[in-house]
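This is what each chain is made of:
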There are 6 protein chains.
Amino acid sequence: MENYLTSLITETPFQGRQLAITLARKSIAEIQTDPETRKKLRSDYATDTQQLIASAQIIALEFQTIAAANDYWRK
Amino acid sequence: MENYLTSLITETPFQGRQLAITLARKSIAEIQTDPETRKKLRSDYATDTQQLIASAQIIALEFQTIAAANDYWRK
Amino acid sequence: MENYLTSLITETPFQGRQLAITLARKSIAEIQTDPETRKKLRSDYATDTQQLIASAQIIALEFQTIAAANDYWRK
Amino acid sequence: MENYLTSLITETPFQGRQLAITLARKSIAEIQTDPETRKKLRSDYATDTQQLIASAQIIALEFQTIAAANDYWRK
Amino acid sequence: MENYLTSLITETPFQGRQLAITLARKSIAEIQTDPETRKKLRSDYATDTQQLIASAQIIALEFQTIAAANDYWRK
Amino acid sequence: MENYLTSLITETPFQGRQLAITLARKSIAEIQTDPETRKKLRSDYATDTQQLIASAQIIALEFQTIAAANDYWRK
């Protein structure tokens, strides 16, 4: 798998948020390595509220890490 | 998607709470990009206690990040 | 919605615990805004152990934030 | 409800662990206030592995807070 | 129950990992106190991927605490 | 079980990510010790979105620990 994470540092909080989403997606791709299967599965969880909510939990967890790494973009 | 997060800093804890809710909602919108589908799904999870509780968990996680960013509004 | 969070600082750990419970409840109320529906749903999750446990998880997460804000009431 | 949390500080890590379990139980009691119902529900979740595991998650979360409060009993 | 946690400090990260697993197991034992029932339940969750994954989540949470206590074994 | 964790320190964030995945996998292996059973179970959870998402949550949690250990690779 290509190196999808060269740094946790981002310029803005919004970019940090996008990185959190990328990390969440890449975790799925690390476990289910077949792109075709992932594509099919994706239509499942995007219309299932329980799974949408669980996906949002991962994003929240990844963002905690990224926000701390960036000292919350305070400066 | 528009930039929905320009800063993690809020004036009050209550505003921080509202930001946590916004972030949770935007995560859902990033995964399920069709507004019509989201609207339909929303009526599902708002009446399903299990999903309501899971949604509250995301808000709690996002708020952890925001509260730390604001040094817990201690000053 | 009224401002239900003016400060994360409480005098005692027990008050911090009560605040954690308030925050958990308010998250539910932010998503399901109809009090009548919430009342009805409440009787559901209070007798469903799985949902009781999930609710306790939210309280634990909210309390983590409040306890850190109060420097764990160490002084 | 009586004040079940006068301090997060404990003498030993093991006592901290016991406090984590107490907090988890009290959260349940705050939501389901009827002792008879709780007693009945308890036999349910103690034999359901999924709920046992979810309960252990709450204990882990509460213990994170207590361990930090005690500076991990390092001294 | 015997004192299964005399210290959070371990010599190596791997020992910290083993302690995390011990803590997760002991939480289950605190809730389901009958060893025979636990043994029976164990064969259930060890072959149910959903529960295996949930168990791994507890280990991750306990390890966060232990790793912080040991200052991540940096020195 | 062999020592699969000699250090939490990695050279790059991407290596930290790979370590997070290793830790998640090893937790499963510690609970379900039979490799044949694990192999069979793996095909289950890799095609079940709910379990894929739960697995991604573990990776997020493990990565929080590893990222903190490496001071977020800031230097």
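Check the entry above for the structure.
Residues numbered from 1 in each chain as written. Chains lettered and ligands numbered in written order. Predicted model: local features only at pLDDT ≥ 70, side-chain atom pairs only at ≥ 80, totals over all residues. Heavy atoms only, no water.

K.L.:
Just to check I follow, could you spell out the overall build of chain A for this structure?
P.N.:
Along chain A, the regular secondary structure elements total three helices and zero strands. Going from N to C terminus, chain A has its helices and strands arranged as α-α-α. With the C-alpha coordinates aligned to their principal axes, the bounding extent of chain A is approximately 40 × 30 × 15 Å. Relative to its 75 residues, chain A shows a buried fraction of 60%. Residue pairs in contact within chain A that sit at least 24 positions apart in sequence constitute 61% of those at least 6 positions apart. (Helix = DSSP H or I, 4+ residues; strand = E, 2+ residues; numbered from the N terminus. Buried < 20%, exposed > 50% of the residue type's maximum accessible area, 1.4 Å probe, protein only. Contact = heavy atoms within 4.5 Å.)

K.L.:
Looking at this structure, how should I read the relation of the copies chain F and chain A?
P.N.:
Here two copies of a chain appear, and what relates them is a rotation about an axis with a shift along it. Least-squares fitting of chain F to chain A yields an RMSD of 0.0 Å, with the superposition described by an axial translation of 0.0 Å and a rotation of 60°. Here the symmetry operator amounts to a six-fold rotation axis. When C-alpha distances to the rotation axis are compared across chain F, the minimum falls at L61(F), with a value of 7.0 Å. (Least-squares fit on C-alpha atoms with pLDDT ≥ 70 in both.)

K.L.:
Just to check I follow, could you spell out the interface of chain E and chain F for this structure?
P.N.:
The figure often quoted for interface size is the accessible area lost as the parts come together. Between chain E and chain F, the contact holds 26 residues from the first and 33 residues from the second. Interface area, chain E with chain F, both sides summed: about 2500 Å², of which 66% is carbon and sulfur. When the buried area of chain E at its contact with chain F is split by residue, F14(E), R17(E) and I53(E) rank highest and sum to 24% of it. Ionic pairing is found between E62(F) and R17(E), a salt bridge with its closest N-O pair at 2.5 Å. Here chain E and chain F share 13 residue pairs in polar contact (both at pLDDT 80 or more) between them. When residues of the side of chain E that touches chain F are traced back to their parent elements, those giving at least two are α1 (13-31), α2 (35-45) and α3 (49-69) of chain E. Its residues placed into classes, the side of chain E that touches chain F shows 15 nonpolar, seven polar and four charged. (Buried area = accessible area lost by both parts, 1.4 Å probe. Salt bridge = Lys/Arg side-chain N within 4 Å of Asp/Glu carboxyl O. Polar contact = N/O pair within 3.5 Å; in protein donor to acceptor, adjacent residues only side chain to side chain. Nonpolar A, V, L, I, M, F, W, Y, C, P; charged D, E, K, R; others polar.)

K.L.:
Teacher, can you tell me more about the environment of Y4(D) here?
P.N.:
The topology assignment puts Y4(D) in the segment before α1 (13-31). Judged by its relative accessible area of 10%, Y4(D) falls in the buried class. Y4(D) sits 28 residues away from Q32(D) along the chain, and the two C-alpha atoms are 16 Å apart. If near-sequence neighbours (up to four positions away) are discounted, Y4(D) is found in contact with F14(C), R17(C), Q18(C), I21(C), L23(D), K26(D) and E30(D). Polar side-chain contacts of Y4(D) include one of 3.0 Å to the side chain of E30(D).

K.L.:
Please explain the pattern of salt bridges as it appears in this structure.
P.N.:
All names here are of chain B. All chains considered together, the criterion is met by 18 salt bridges over all chains. When the shortest N-O distance is used, the salt bridge between E2 and K26 registers 3.0 Å. Taken together, the residues span a long stretch of sequence, with E2 in the segment before α1 (13-31) and K26 in helix α1 at a distance of 24 residues. Residue classification places E2 among the partly exposed residues on the basis of a relative accessible area of 46%.

K.L.:
Which parts of the structure should I look at to understand the interface of chain F and chain A?
P.N.:
Chain F puts 26 residues into the contact, and the matching count from chain A is 33 residues. Carbon and sulfur atoms make up 65% of the area that chain F and chain A hide from each other, which totals about 2500 Å². Taken together, the links from chain F to chain A amount to 13 residue pairs in polar contact (both at pLDDT 80 or more). Secondary-structure elements contributing two or more residues to the side of chain F that touches chain A are α1 (13-31), α2 (35-45) and α3 (49-69) of chain F. Element by element, the count of residues in the side of chain F that touches chain A is highest for α3(F), at 13 residues.

K.L.:
So what exactly am I meant to see when it comes to helix α3 (residues 49-69) of chain A here?
P.N.:
Owing to its 3.6 residues per turn, the α-helix brings residues three or four apart onto one side. Residue and element names in this part refer to chain A. With 21 residues, α3 should reach 30 Å at 1.5 Å per residue; the first-to-last C-alpha distance of 30 Å fits that figure. Capping the start of α3, D48 holds a side-chain oxygen 2.9 Å from the backbone nitrogen of Q50, two or three residues further along. A positive backbone phi angle near 50° is found at D71, which sits one or two residues after α3. (Expected span 1.5 Å × (residues − 1).)

K.L.:
Is there a simple way to explain the packing of aromatic side chains in this structure?
P.N.:
Aromatic rings in a pair are described by how distant their centres are and how their planes are angled relative to each other. Residue and element names in this part refer to chain A. Across all of its chains, the model carries 12 aromatic pairs over all chains by this definition. Where F63 meets W73, the ring centres are 5.8 Å apart and the plane angle is 15°; that geometry is what we call stacked. Of this pair, F63 sits in helix α3 while W73 is found in the segment after α3, placing the two residues 10 residues apart along the sequence. Classification of F63 as buried rests on a relative accessible area of 0%. Under the relative-accessibility criterion, W73 is labelled buried at 14%. (Phe/Tyr/Trp six-rings, centres within 6.5 Å; stacked < 30°, edge-to-face > 60°.)

K.L.:
Mind showing me how you'd approach α1(B) here?
P.N.:
Between the first and last C-alpha of α1(B) there are 28 Å, a value that for 19 residues agrees with the 27 Å anticipated at 1.5 Å per step. Of all 19 residues that make up α1(B), 14 are buried, and the element is covered over most of its length.

K.L.:
Can you walk me through the packing of α1(B) against helix α3 (residues 49-69) of chain B in this structure?
P.N.:
Helix packing geometry: the angle between the two helix axes and the distance between the axes. Residue and element names in this part refer to chain B. Orientation of α1 relative to α3, taken along the N-to-C sense of each, is 125°, at an axis distance of 8 Å. Between α1 and α3, the angle is such that the two are oblique. Regarding α1 and α3, the two cross each other, and that crossing is right-handed. Together, P13, G16, R17, L19, A20, I21, L23, A24 and S27 of α1 and I58, I59, E62, F63 and I66 of α3 make up the contact between the two elements. (Axes fitted to C-alpha atoms, helices over the stretch in contact; angles between N-to-C directions. Parallel < 35°, antiparallel > 145°, perpendicular 65-115°, else oblique. Left-handed = near helix turned anticlockwise from the far one by under 90°.)

Distances and angles like these do not, on their own, reveal function.
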